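Observations on the three-dimensional arrangement
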Amino acid sequence: MKRLATALTLLLILGLLVALPRITPYFYIFIGTQILIMGLFAASFNLVFGYTGMLSFGHAAFFGTGAYATALLLQGLQWPLLACLLVSFVAGTVLALAIGALCVRLDEVYFAMLTLAFGMMVYGVAHQWRSVTGGSDGISGFSVGTLGLGIDLTLGNPAVYYYVVLAIVVVAGAALYRICNSSFGLVLQAIRQNPERVAFCGLNIRTYRLAAFTIAGGFAGLAGGLMAPFLHVASPDLAHWTMSAEPVLMTILGGSGYFLGPFLGAAIFVLLETWITSITQAWMLFLGIILALMVIFFRRGVLGTALVAIRRRRSGTS
Amino acid sequence: MTSFSWKTALGTALAGAALVASSPALAEQPIKIGGIYLMSGSAATYGEFAKQGATLAIDEVNADGGVLGRQLELKLEDGQGKVAVAIQAARKLVYQDKVDLLMGIDSSGVAEGLVPVVPELGKPFMITHAATPAATGRLCNKYTFRDGTYVAQQMAGAAAVAADTDAAKWTTIGPDYAFGHQTWEYFSKYLKERNPDVQIMDDAAAFPKFGAEDFTPFISSVMAAKPDGVMISLWGGDLVNFVRQASKLGFFEQGFTNIYAVGAATEVLTALGEQMPEGQWLATRYWYDAWDTPMNKKFVADYKAAWGHPPSYNAEQAYMAIYAFKAAIEKAGSVDADKVIAALKGLTIPAPFGDMHFRAGDNQALIGPTIGLSGPMHESDGIRTLVQIRNFDGADVTPPVDPDCKM
Amino acid sequence: MNSFLLALLNSLDIGLLLFIIAVGLNIVFGVLGVINFAHGALYMLGAYLAYAGIVGLGLPFWVTLLLAPLVVALLAVAIDRGMLHFIYGREIADSLLLTFALLLILNESIRLIWGNGIHTVEPPWPLQGTIAMPGGLRYPSYSAFVLLVGLLTLLGLWLLFSRTRLGKIMRAAAQDPEMAQTLCINTRRVITATFAFGAWLAALGGVVAAPMRAIDPGMGDKIIIESFIVVVIGGLGSFPGALAGALVLGLIHGLGGRYLPQLDLILPFVGMALVLLVRPHGLMGARRV
């Protein structure tokens, strides 16, 4: 019964997403695209945080790298989008492997600070290396040509791009879901809960952590590759620590204990940002207050709190 | 399942009717102008002053009956100096807030990112500050106009002033992004053309990060290189910091000839007050005290009455953007984007400094910089006066249309 | 050679100012196990209060030097009681997240109160000149004052931790909270006092930095990254480590900024990463149980 309810809910959400350009004002196509991309970014972060228990504050390094990879390829070689995205995925994976190898040796606070450091280092490189990355001005003025695989679409049309992003995010999300719910994913969760016990079972926790970190980097790179054509620019800010903080916030908002939590968090975050910034410039203040309340009282996030409430009502306890 | 309620249905119907009845007739809806400026960070005063200039113009126009009988309305977004933010803001202004016209952009880097996106947005866009040549050059498009000077015009004037001094060896301190590098590139080129004997010290050029707090290492390195003249393209909070820190290090006692690309910005001069030394060549697109025309006198007086301080160039250019839009809409007889840009093309309108003409080939206004030497403090305005003012004619200093500009 | 000397002196005053700011972060971590993301915002608040006092109220610099850090410390007590005490004892991630939320709140509040623009504060009258150095170069008097304050802070902290009862209590609470509680030390009060003390140090750094920097809403973000680097290089929880880290970073900025300005942004992070690779717990950090 529960699985049927979950499946139906997912189908409903998918249906709404497909129908979005037709049922909402034009502006929401951009909102929707942004939510999907950020949701993938946050979900990749959650593989590291929610499943493996490592708080990384430098996840935007991979996101930014993916964005630059796609932007440079589109600007210089005009490759089809799918090819660029593949390169972004690989770039994110390779960078995450390099950084992860150095970081997973350390625990908790040190890990957080070191990932922050490396994230800011990527930002610094993007900012300084004017000849390659365009410096603080970034890479701009490129357009998206073809999709690849012989599919002919006007990717310049925001609605068309939205559907492409939707398709790719659904596929990537499904892949990520399979990873999170495989035996590999179970080991990761065990590592989060009790690293020593897992080590006593004979498993090398460092290898598992590195693998999780690397895979997450790849999906973050993919998300970055989708972001560059959406924004029409790849700029150093995409690798800044404030960008790394967004998936963290989204995951906490949505709920780190569930696969769809980050997606929900991304939707809440982007919608809140759009609505609140129409009223006031002090959006960060509200964000801070909401985050504080979530951390103190609703640590499980919106999704977590809602599911617990539903479960309680169903089992009859007050 | 709640049963169908007649009360609810009636209430909804009445509410709907009230809503329809209360929405104004189309002709009375305001013409909306979306502005994207730096409203935060170390250069936030520029956005503030642009807002003041635009608001003054809008209030004047509205008091005069509006444009085509419709009032003007301004909606501002903070670009934060970031391209991605500016593009999102532009999308929001056009698709959600349904603005008819766009204006803005302080940062050259942001402009280079936003200008290619403007045709997709399909609204007329007036650049009122960003000075990158690309915006009316290789990135030009029929929707984008600029009513302020850009780097080539500014540096033509600066090079003319530099060539008249004794300084033979020149270097620069500028922010490490498009504007800083382009300014140095054009300045060196024009100066060399005027005076082939000058030495351009590229190795000594210092480019601190935009928004850096500590300029001391860069100041020291420039002083150690012992140039005769320094071209300083820092602006905003950077320029304020630079001047204060440079004073402490004795930079202004080395006998350098200093030319500031956009130094005569009232935003900066107000923050510095007496700390801006005398004898510095300060350049700007518009200096409130340099023009004796009736229109300028009125503009400066009205601006001071409204905001309590003299208008900066950023304010004046935002002010003129409104009037340019007004003239174009009236000429076109409509707010339709394609008709407005057709009307703006090649348009000439009166401005505080004379006539402002948008060149048809690239939509760039032909304006020249004003450069003067910082002098004694103004008796009432709290900032340095400019003496030995040189106003350059736009037609003289503007290079021909960039061959890369294809509209 | 003389410009090298100047660069070296620059490094020293940058380093010591960083020390004042970062040591508070380190102390809070050492005793509470919490990395306070909002530490930079408290520093910024100190600077803004200095501006408000000097320019707004016309107070002398020395008075604001005394008052502003106290005001911030009181605010810190309120924050601790009202916000942070909910999550002590929870996992580290929660405290990181909560202090990050605090950062957002403080940043925006400061922006709302004082606006977006840049403000400047002049050094107090006796410190406005420069000191002549060999070779015709000049060293600002105020920078010399910063050196002095840094050294006094260093001395004061050393005395606090090694000689006073309060210092020993803080060290005890850091090493073994349960034991400390068994010995009837009011851990709750020590926690609040430590957090407030860390905030006091941050704000002191802010007031001292105010005449040297532009006071704008972005200054907190800039300094928190610097403080992190100092603390990680030096060793989390280690007080002499904070000094070592601050001096190293000061050297990177002073010398690196002078001779390798293109790498100015990246060098601190490279330094931090190198230290962590070789000595994961910082130059002087001890493994925290």
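Attention shifts here to the overall build of chain B. When you go through chain B residue by residue, the secondary structure sums to 14 helices and 14 strands. Overall, the C-alpha framework of chain B stretches about 85 × 45 × 45 Å when taken along its three principal axes. Residues counted as buried form 62% of the 407 residues belonging to chain B. For chain B, the proportion of contacts with a sequence separation of at least 24, taken over those separated by at least 6, is 70%. Per element, the accessible surface of chain B, about 14,600 Å² overall, is 53% carbon and sulfur. Taking the average location of the 33 positive side-chain charges in chain B and that of its 45 negative ones, the two points are 6 Å from each other.

As a further point, take the overall build of chain A. In terms of regular secondary structure, chain A is built from 14 helices and two strands. Taken over the C-alpha trace, chain A has a radius of gyration of 19 Å; the compact-globule value for 318 residues is 20 Å, and the two agree within 12%. Principal-axis analysis of the C-alpha atoms gives chain A an extent of 60 × 45 × 45 Å. Looking at chain A residue by residue over its 318 residues, the buried ones come to 56%. When contacts within chain A are restricted to residue pairs at least 6 apart in sequence, long-range pairs at least 24 apart make up 76% of them. Side chains of chain A carry 16 positive and 8 negative charges; the gap between the two charge centres is 18 Å.

What follows covers the packing of helix α2 (residues 27-51) of chain A against helix α3 (residues 83-96) of chain B. Relative to each other, α2(A) and α3(B) sit at 145 degrees, their axes nearing to 8 Å. In contact with A:Phe27, A:Tyr28, A:Phe30 and A:Gln34 of α2(A), α3(B) contributes B:Gln88, B:Arg91, B:Lys92, B:Tyr95 and B:Gln96. Here the residues of the contact of α2(A) with α3(B) sort into four nonpolar, three polar and two charged.

What follows deals with helix α12 (residues 261-279) of chain A. When the terminal C-alpha atoms of α12(A) are compared, their 27 Å separation across 19 residues agrees well with the 27 Å that a helix rising 1.5 Å per residue should span. Among the residues making up α12(A), those that are buried are A:Gly261, A:Pro262, A:Phe263, A:Gly265, A:Ala266, A:Ala267, A:Phe269, A:Val270, A:Thr274 and A:Ile276. Packed against the buried residues of α12(A) are α2, α7 (158-180), α11 (241-254), α13 (283-297) and α14 (301-314) of chain A together with α3 of chain B.

In this section: the sheet that holds strand β3 (residues 101-104) of chain B. Residue and element names in this part refer to chain B. Pairing is parallel across the open sheet formed by five strands, whose spatial order is β2-β1-β3-β4-β5. Edge positions in the sheet fall to β2 (72-78) and β5 (144-146), since each has one partner strand and no second. Strand-to-strand twist of the sheet, defined as the mean angle between neighbouring strand axes without regard to direction, takes the value 25 degrees.

Relative to the helices and strands, B:Ile349 is located in strand β11 (residues 348-351). On the basis of relative accessible area, B:Ile349 is assigned to the buried category, the value being 6%.

The bond known as a disulfide is covalent and runs between the sulfur atoms of two cysteines. Residues and elements named next belong to chain B. Tallying each qualifying case throughout the model produces one disulfide over all chains. Covalently, Cys140 is tied to Cys405 through a disulfide, its sulfur atoms 1.9 Å apart. Here the disulfide of Cys140 and Cys405 is right-handed, its torsion about the S-S bond being about 100 degrees. Here the residue Cys140 occupies a position in the loop between β4 (125-127) and β5, and Cys405 occupies one in the segment after α14 (394-397), the gap between them amounting to 265 residues.

On the side of chain C, 41 residues touch chain A, which itself brings 39 residues to the contact. Buried area between chain A and chain C, both sides added, is near 3,600 Å², and the carbon and sulfur share of it is 83%. By the criterion of area lost to chain C, the three top residues of chain A are A:Tyr110, A:Met113 and A:Trp241, representing 20% of everything that side buries. There are one salt bridge connecting chain A and chain C.

Before going further, it helps to examine helix α6 (residues 151-163) of chain B. Residues and elements named next belong to chain B. Compared with an ideal rise of 1.5 Å per residue, which puts 13 residues at 18 Å, α6 spans 18 Å between its outermost C-alpha atoms and is within 8% of the ideal. Counting buried residues in α6 gives twelve out of 13 residues, a clear majority hidden from the surface. Of the positions making up α6, those classed as buried are Val151, Ala152, Gln153, Gln154, Met155, Ala156, Gly157, Ala158, Ala159, Ala160, Val161 and Ala162.

Within the element layout of this structure, B:Lys209 appears in the loop between β7 (199-200) and α8 (216-225). By relative accessible area, which is 28% here, B:Lys209 ends up partly exposed. Ignoring sequence-local partners within four residues, the contact set of B:Lys209 consists of A:Tyr123, A:His127, B:Asp176, B:Asp238 and C:Leu265.

Both trends apply: most residues other than glycine have a negative phi, and most peptide bonds are in trans. All names here are of chain B. Even without a glycine there, the phi angle at Asn363 is positive, about 60 degrees. Position of Asn363 among the secondary structure elements: in the loop between β12 (354-357) and β13 (370-377). For Asn363, a relative accessible area of 0% corresponds to the buried category.

A separate point is the sheet that holds strand β8 (residues 229-232) of chain B. All names here are of chain B. One open sheet accounts for seven strands, arranged β7-β6-β8-β9-β10-β13-β14; its pairing is mixed. Since the sheet does not close on itself, it has two edges, and those belong to β7 and β14 (384-391), each with one partner. Direction of pairing for strand β9 (residues 257-260) relative to strand β10 (residues 281-284): parallel, over a ladder of two bridges. The residue of β10 that forms the bridge with Ile259 is Trp281.

On to the interface of chain B and chain A. In this assembly, 23 residues from chain B lie in contact with 23 residues from chain A. Summed over both sides, the interface of chain B with chain A buries roughly 2,000 Å², with 55% coming from carbon and sulfur. Together, B:Arg91, B:Lys92 and B:Tyr95 form the three largest contributors to the area buried by chain B at its contact with chain A, with a combined 25%. Counting across the interface, chain B meets chain A through zero salt bridges. Mapped by element, the contributors of at least two residues to the side of chain B that touches chain A are β2, α3, α4 (108-114) and α7 (178-194) of chain B. Residue contributions to the side of chain B that touches chain A peak at eight residues, all from α3(B).

Another point: the pattern of salt bridges. Within the structure shown, the criterion is met by 18 salt bridges over all chains. The residue C:Asp94 makes a salt bridge to A:Arg299 at a minimum N-O spacing of 2.6 Å. Note that C:Asp94 is positioned in helix α4 (residues 92-114) and A:Arg299 in the loop between α13 and α14, a pairing that runs across two chains. Both residues of the pair, C:Asp94 and A:Arg299, count as buried. B:Asp381 is paired through a salt bridge with B:Lys304; the nearest N and O atoms lie 3.2 Å apart. Separated by 77 residues along the polypeptide, B:Asp381 in the loop between β13 and β14 and B:Lys304 in helix α11 (residues 294-307) bring together distant segments of the chain.

Another aspect to go through is a nonpolar patch on the surface. Residues and elements named next belong to chain C. Together, Phe4, Leu5, Leu8, Leu251, Tyr259, Leu260 and Leu263 line one region of the surface with nonpolar side chains, adding up to about 550 Å² of accessible area. Ranked by residues supplied to the nonpolar patch, first place goes to helix α1 (residues 2-32) with three residues. Tracing the sequence through the fold places Leu8 in helix α1.

On to empty space enclosed by the protein. If you roll a probe as big as a water molecule over the atoms, it shows you where there is empty space left. Per the stated rule, a full pass over the model turns up seven cavities of 30 Å³ or more. Roughly 220 Å³ of volume is contained in the largest cavity. For the largest cavity, the lining is made up of 16 residues, of which B:Thr216, B:Gln245, C:Pro140, C:Ser143 and C:Met212 are closest to its centre. Sorting the residues of the lining of the largest cavity by element identifies α9 (237-249) of chain B together with α1, β2 (138-140) and α5 (141-163) of chain C as the ones contributing at least two each. Considering only residue class, the lining of the largest cavity consists of eight nonpolar, four polar and four charged. Taken as a whole, the second largest cavity spans an internal volume of roughly 80 Å³. Looking at the lining of the second largest cavity residue by residue, the classes come out as seven nonpolar, three polar and two charged. In terms of domain composition, the lining of the second largest cavity takes at least three residues from each of domain 1 (27-149 + 291-357) and domain 2 (152-288 + 369-397) of chain B.

Criteria and cut-off values
Residues numbered from 1 in each chain as written. Chains lettered and ligands numbered in written order. Predicted model: local features only at pLDDT ≥ 70, side-chain atom pairs only at ≥ 80, totals over all residues. Heavy atoms only, no water. Helix = DSSP H or I, 4+ residues; strand = E, 2+ residues; numbered from the N terminus. Buried < 20%, exposed > 50% of the residue type's maximum accessible area, 1.4 Å probe, protein only. Contact = heavy atoms within 4.5 Å. Areas by Shrake-Rupley, 256 points an atom, 1.4 Å probe, with all protein chains shown as cover. Lys, Arg positive; Asp, Glu negative; His and termini not counted. Charge placed at Lys NZ, Arg CZ, Asp CG, Glu CD. Rg over C-alpha atoms; globule rule 2.2 N^0.38 Å. Axes fitted to C-alpha atoms, helices over the stretch in contact; angles between N-to-C directions. Nonpolar A, V, L, I, M, F, W, Y, C, P; charged D, E, K, R; others polar. Expected span 1.5 Å × (residues − 1). Pairing = 2+ DSSP bridges. Disulfide = S-S within 2.5 Å. Buried area = accessible area lost by both parts, 1.4 Å probe. Salt bridge = Lys/Arg side-chain N within 4 Å of Asp/Glu carboxyl O. Patch = residues over 30% accessible without salt bridge, like charges linked within 9 Å, V, L, I, M, F, W, Y side chains within 5 Å. 1 Å grid on protein atoms, 1.4 Å probe; cavity = no way out; pocket = protein on both sides within 12 Å on 5 of 7 lines; lining within 4 Å. Points joined across faces, edges and corners; volume = space filled by probe spheres on them. Domains from an automatic or database assignment.

These results come straight from atomic positions and should not be treated as a statement about function.
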